[in-house]
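# Structural overview
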Amino acid sequence: MNEKPITRHKKLIAWVEEWIRICQPDNVHWCDGSQEEYDHLVKEEIACGVAKKLNEKKRPDCILYRSDPSDVARVENRTYIASEKQEDAGPTNNWIDPKALKKTMLDLYKGSMKGRTFYVIPFSMGPIDSPIAKIGIEITDSRYVVLNMQIMTRVGTKVLEALGEDGEFVPCMHSVGKPLARGESDHGLWPCAPLDKKYISHFPETREIWSYGSGYGGNALLGKKCLALRIASVQARDEGWLAEHMLILKLTSPEGKVKYITGAFPSACGKTNLAMLIPTIPGWQVETIGDDIAWMKFGKDGRLYAINPEAGFFGVATGTSEESNPNAMRACDRETIFTNVGLTKDNDIWWEGMGMDAPGKLIDWKGNEWEASTATAPAAHPNSRFTARAKNCPVIAPEWEDPKGVPISAFLFGGRRPSAIPLVYQSFDWIHGVFMASCIGSEITAAALDLKIGTVRRDPMAMIPFCGYHMGDYFKHWIKLGTKADANKLPKIFSVNWFRKTREGKWLWPGYGENSRVLKWVFERCDDEGSAVKTPIGYMPAPNAIDTTGLNVSADDMKQLLSIDREGWAREIEMIREHYARFGNRLPEELSDQLIALEARLKKV
Ligand code: SAT
Ligand code: MN
């Protein structure tokens, strides 16, 4: 145990001491980020029955956790942006007055760590020596969090060294909210608080994060959505850069030319799969820089450079298979934490959509016996996860930790749109691209409580759950950034849609590795090659501009994928108008002008 601080940072020490007084833990440990520390924590988790060691031969250094059935995903209705003024949080965030919220939460934190250890995790989002990286310090009473943070971020003494005696850090406070009485233990159960006591709170002005009551994913691993997106988006606005919910991929042509592309998609659009795609077109190669978050700053040369602030993947297990994403499967062959997947007889893991039948009887994610033939519910929770090290991904790009980042040539924006939206098109310019990005979303497939089937749930830049301030101002920030930059050096902006269907409901596009054909056109467009036609909605691939050699899609289907559906677009215009109304007078005029111009262009032809 490192009870004493391994730092001389006075502000940090005082902050930690204050929280020790409030939370009253039994022990304190400053994480050094070493392998010994990791192994020791794993041993403790296994000894107390919260984690299970998996088959060492099949899954070396892997463990399995089963969470409490009430604590299985991010809780958006308990996630708050507590800005001083309500209007600064905007219409898409939950708001509580910061003073009132801190009072409520302080009452909850009082004594919340009794019977537990208080861990201090110094972590860096991004390579420690990168000028784009930021340091956070997470306090937590969850060993699950410490272990996951060790995979997802760079943790330990080296971060404290970089912080020095007065460096800047984002304070991240976390407690599972389940104090233990003297002699009490978790009895092998995942500790958390009931839903109405959970709070995932952000204080944008003071750049603080307070999380209470949940031990799961983005609620508890505070470097990810809380710091790297909600707080960082505010910092990015103030400092003139971008903190985005984007994958970063490296695309290499058969001639060996390289381009870096980022992509933002709402959840369940296959972001991790795209980041690790295996191209079907000969000679092309995709490598991964990141699968979830991109931090981007302008370099001295005027180009936009991106780093992946994370060091691992917190990927959805369900549906990941040798077919859908073999590279992700390899990444979780070793040194992986699995959460809420099924456990096989020989202590391996299984989930629905893994590409093979369940091998006999399993233990499901709730810890009960499970058999495919009689099961009434899945063995793995639909939001089951693997936490895998990026370095174990076979296609991780060698430069993924380059401190200066990689220069971005293109942004892709997409959603699940069975109708209207074509396979791919390019914006006329930056502001038109921002307009396109501000309208992305996915069609509702299952009957949601509040929305009709066929309705599009808009998720601008895939940032609705992650923007730490008013989204109207966020659009303005995007516009300003592009207007100030050298237009020739800005990334080109594309809309993509892998999910187009026929009227009869048949997929028009095979997706997965075949998406490389679209990436190829994007690549060519970035060099002002690749033929395109100007249409009312943007530049679309000219006939035959998409390489279809060896592709099993009929000419008719290709035509449909790349045509403009007039009725669909008329409906789209109306839906965008409704969507924009949400932002009131904070919607930048440039965007309402874009909508008017699009409508006019569509009417003209
Ligand atoms: O749980 S996380 O927020 O980290 C993942 C997700 O919900 O996208
Ligand atoms: Mn995400």
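Worth saying up front: this structure is predicted, and the values here are computed from it rather than measured.

Each value, and the rule that gives it
- Residues numbered from 1 in each chain as written.
- Chains lettered and ligands numbered in written order.
- Predicted model: local features only at pLDDT ≥ 70, side-chain atom pairs only at ≥ 80, totals over all residues.
- Heavy atoms only, no water.
- Domains from an automatic or database assignment.
- Buried area = accessible area lost by both parts, 1.4 Å probe.
- Salt bridge = Lys/Arg side-chain N within 4 Å of Asp/Glu carboxyl O.
- Polar contact = N/O pair within 3.5 Å; in protein donor to acceptor, adjacent residues only side chain to side chain.
- Axes fitted to C-alpha atoms, helices over the stretch in contact; angles between N-to-C directions.
- Helix = DSSP H or I, 4+ residues; strand = E, 2+ residues; numbered from the N terminus.
- Parallel < 35°, antiparallel > 145°, perpendicular 65-115°, else oblique.
- Left-handed = near helix turned anticlockwise from the far one by under 90°.
- Contact = heavy atoms within 4.5 Å.
- Pairing = 2+ DSSP bridges.
- Near = heavy atom within 4 Å.
- Areas by Shrake-Rupley, 256 points an atom, 1.4 Å probe, with all protein chains shown as cover.
- Nonpolar A, V, L, I, M, F, W, Y, C, P; charged D, E, K, R; others polar.
- Phe/Tyr/Trp six-rings, centres within 6.5 Å; stacked < 30°, edge-to-face > 60°.
- Buried < 20%, exposed > 50% of the residue type's maximum accessible area, 1.4 Å probe, protein only.
- Lys NZ or Arg CZ within 6 Å of the ring centre and 35° of its normal.

As far as domains go, the protein holds domain 1 (10-49 + 75-240), domain 2 (244-310 + 398-604) and domain 3 (312-392). Each of domain 2 and domain 3 has a C-alpha centre, and the two are 30 Å apart. Summed over the three residues of domain 2 that lose the most area to domain 3, namely Asn273, Met276 and Trp400, the buried surface amounts to 49% of that side. The tally of links between domain 2 and domain 3 comes to 0 salt bridges. In this assembly, domain 2 and domain 3 are joined by 3 residue pairs in polar contact (both at pLDDT 80 or more).

This paragraph deals with the packing of helix α11 (residues 430-438) against helix α12 (residues 471-484). Interhelical geometry of α11 versus α12 gives an angle of 155 degrees and a closest axis separation of 9 Å. Judged by the angle between their axes, α11 and α12 are roughly antiparallel. Crossing of α11 over α12 shows right-handed handedness. For the pair formed by α11 and α12, the contact residues are Trp430, Ile431, Val434 and Ser438 on the first element and Phe475, Trp478, Ile479 and Gly482 on the second.

Looking now at the sheet that holds strand β2 (residues 51-53). Strand order in this open sheet of 5 strands is β2-β3-β18-β23-β17, and the pairing throughout is mixed. Both outer strands of the open sheet, β2 and β17 (312-316), are each paired with one neighbouring strand and no more. With direction set aside, neighbouring strand axes in the sheet form an average angle of 20 degrees. Relative to strand β23 (residues 385-389), β17 runs antiparallel, the two being bridged by 5 bridges. Among the inter-strand pairings, phenylalanine 313 is bridged to a residue of β23, identified as alanine 388.

Every residue close to ligand 1 is listed here: Arg74, Gly217, Gly218, Lys224, Lys225, Phe314 and Arg385. Protein burial of ligand 1: of its 250 Å² of free accessible surface, 89% is covered by the chains. Listing elements by their share of the shell around ligand 1, those giving two or more residues are α7 (217-220) and α8 (223-239). For the shell around ligand 1, the class distribution of residues is 1 nonpolar, 2 polar and 4 charged.

Let us look at the packing of aromatic side chains. For the structure shown, the criterion picks out 30 aromatic pairs. The interplanar angle of 80 degrees and the centroid separation of 6.0 Å between the aromatic rings of phenylalanine 494 and tryptophan 521 together place this pair among those described as edge-to-face. Linking phenylalanine 494 in strand β28 (residues 492-496) with tryptophan 521 in helix α13 (residues 516-526), this pair joins segments that are 27 residues apart in sequence. With a relative accessible area of 0%, phenylalanine 494 lands in the buried category. Geometry around tyrosine 199 places arginine 78 over its ring, the cationic atom sitting 4.7 Å from the centre. For lysine 102, the ring lying beneath its charged end belongs to phenylalanine 203, and the centroid distance is 4.6 Å.

For the rest of this paragraph, the subject is unusual backbone geometry. Of note in the backbone geometry, arginine 207 takes a positive phi value of approximately 55 degrees without being a glycine. Positionally, arginine 207 belongs in the loop between β9 (199-203) and β10 (208-212). Unlike most non-glycine residues, alanine 268 shows phi in positive territory, near 65 degrees. In this fold, alanine 268 is placed in the loop between β13 (258-264) and α9 (271-275).

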